[in-house]
Amino acid sequence: MEQTRRPFAGPPLTPRTAVLWSVLRAELDRRGDAELTVLDVGGGTGGFAVPLARAGHRVTVVDASPDALAALTRRAAEAGVADRIVAVQGDGDALAGLVEPAGVDLVLCHAVLEVVDDPAPVVAALATALRPGGAASVLVAGRAAAVLGRAMNGHLEVAAALAADPAGTAGPRDTLRRRYDAPGAAALLTAAGLTVEEIHGVRVLADLLPAAVADGQSASLVELELALAAQSPYRDLAAQLHLFARRPA
Ligand SMILES: C[S@@+](CC[C@H](N)C(=O)[O-])C[C@H]1O[C@@H](n2cnc3c(N)ncnc32)[C@H](O)[C@@H]1O
């Protein structure tokens, strides 16, 4: 008898991940019962890979860190999905040698483009890995939130440097190599041949509230993050920007 896949419930929504999961859930629902081939570049310890594997999809995680991959492997075993996850140590720049071209239904690249040497070849590799019609979920650090955050903490010179720097960094001691606004991030994906379908702000408010307030009202905060994510100007002030794009069929 043919097995019917249940609608993807996903992990419990948190203010930091609710928007991402709501966009991904829409794509999984759109694909119905299909078992998807997923590639998570810089997937780390499997915060997305494991829930997707639990939903019945096959996930390859490519990450540069052996420690992250070891944690992913443990987590996958504990969740009973070790047979659905492949962990590959490798560089996002060199996906071509690691992943079959045009073989992936959904590629994730979350919080990676701001730390790699050069984002353009990574995005080109994501696009090449996708089947025509396949989707990309790309999460990048937001520039405006970083400027406001530094200023609100009293670091006005750092805020000014960050606002003036073309890459959106605060100098050599910054942990990130670049930050994005929505047009800049969209242009990066478009240049690789992807069609950007949606852009959302992730963590519009989550990082601004005192922990006691955020923890005490988590459900309300999730609702508010979901409500504000696509709305200007809130979207553009979010700590991260999420782009959902597609390789043309
Ligand atoms: C901030 S973590 C994000 C992890 C995960 N994507 C998430 O959103 O929770 C960045 C990850 O990218 C990985 N990474 C950094 N540079 C990379 C590269 N050039 N190729 C592949 N992975 C890389 C790191 O090892 C780390 O696991």
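The rules we used
- Residues numbered from 1 in each chain as written.
- Predicted model: local features only at pLDDT ≥ 70, side-chain atom pairs only at ≥ 80, totals over all residues.
- Heavy atoms only, no water.
- Near = heavy atom within 4 Å.
- Polar contact = N/O pair within 3.5 Å; in protein donor to acceptor, adjacent residues only side chain to side chain.
- Areas by Shrake-Rupley, 256 points an atom, 1.4 Å probe, with all protein chains shown as cover.
- Nonpolar A, V, L, I, M, F, W, Y, C, P; charged D, E, K, R; others polar.
- Phe/Tyr/Trp six-rings, centres within 6.5 Å; stacked < 30°, edge-to-face > 60°.
- Helix = DSSP H or I, 4+ residues; strand = E, 2+ residues; numbered from the N terminus.
- Buried < 20%, exposed > 50% of the residue type's maximum accessible area, 1.4 Å probe, protein only.
- Pairing = 2+ DSSP bridges.
- Axes fitted to C-alpha atoms, helices over the stretch in contact; angles between N-to-C directions.
- Core = buried A, V, L, I, M, F, W, Y, C linked by side-chain atoms within 4.5 Å.
- Contact = heavy atoms within 4.5 Å.

As annotated in an unreviewed UniProt entry, the protein carries the name SAM-dependent methyltransferase and comes from Micromonospora lupini str. Lupac 08.

Novice: I keep staring at the site of the ligand and nothing clicks. Help me out?
Specialist: Close to the ligand lie 14 residues; Gly42, Asp63, Asp91, Gly92 and His110 are nearest. In the environment of the ligand, an oxygen atom lies 2.6 Å from a nitrogen or oxygen atom belonging to the side chain of aspartate 63. Between alanine 64 and the ligand, the recorded distance is 3.2 Å, taken from a backbone N or O atom to a nitrogen atom. Relative to its unbound accessible area of 590 Å², the ligand is 68% covered by the protein chains. In terms of residue class, the shell around the ligand is built from five nonpolar, seven polar and two charged.

Novice: So what exactly am I meant to see when it comes to the packing of aromatic side chains here?
Specialist: Each aromatic ring pair is described using two quantities: the centre-to-centre distance and the angle formed by the ring planes. Within this structure, the stated rule accounts for one aromatic pair. Note on tryptophan 21 and phenylalanine 48: the rings are 4.7 Å apart at their centroids and 25 degrees apart in plane angle, and the pair reads as stacked. Placement of tryptophan 21 in helix α1 (residues 18-30) and of phenylalanine 48 in the loop between β1 (37-41) and α2 (49-54) is noted, with a sequence separation of 27 residues between them. Each member of the pair, tryptophan 21 as well as phenylalanine 48, carries the same accessibility label: buried.

Novice: What exactly am I supposed to notice about the sheet that holds strand β4 (residues 104-110) here?
Specialist: One key point about sheets: their strands pair by backbone hydrogen bonds, in either a parallel or an antiparallel sense. Spatially, β3-β2-β1-β4-β5-β7-β6 is the arrangement adopted by the seven strands of the open sheet, whose pairing is mixed. Here the strands that pair on one side only, and so sit at the sheet edges, are β3 (85-89) and β6 (195-202). Shown here is a sheet whose adjacent strand axes are inclined to one another by a mean of 15 degrees, direction ignored.

Novice: Looking at this structure, I do not really get the nonpolar core. What am I missing?
Specialist: The tendency in soluble globular proteins is for nonpolar side chains to be buried as a group. Grouped together as the largest cluster of nonpolar side chains are 33 residues, with contacts concentrated most on Leu39 and Leu113. When contributions to this core are tallied by element, the ones reaching two or more residues are β1, β4, α4 (119-129), β5 (130-141), α7 (182-191) and β7 (240-246). Ranked by residue count, the leading element in this core is α4, at six residues. Ignoring any residue separated from it by four or fewer positions in sequence, one finds leucine 39 in contact with Thr60, Val62, Leu95, Val99, Val104, Leu106, Val107, Leu108 and Ala129. Listed in part, the 29 residues of the second largest apolar core include Trp21, Val38, Ala53 and Val61.

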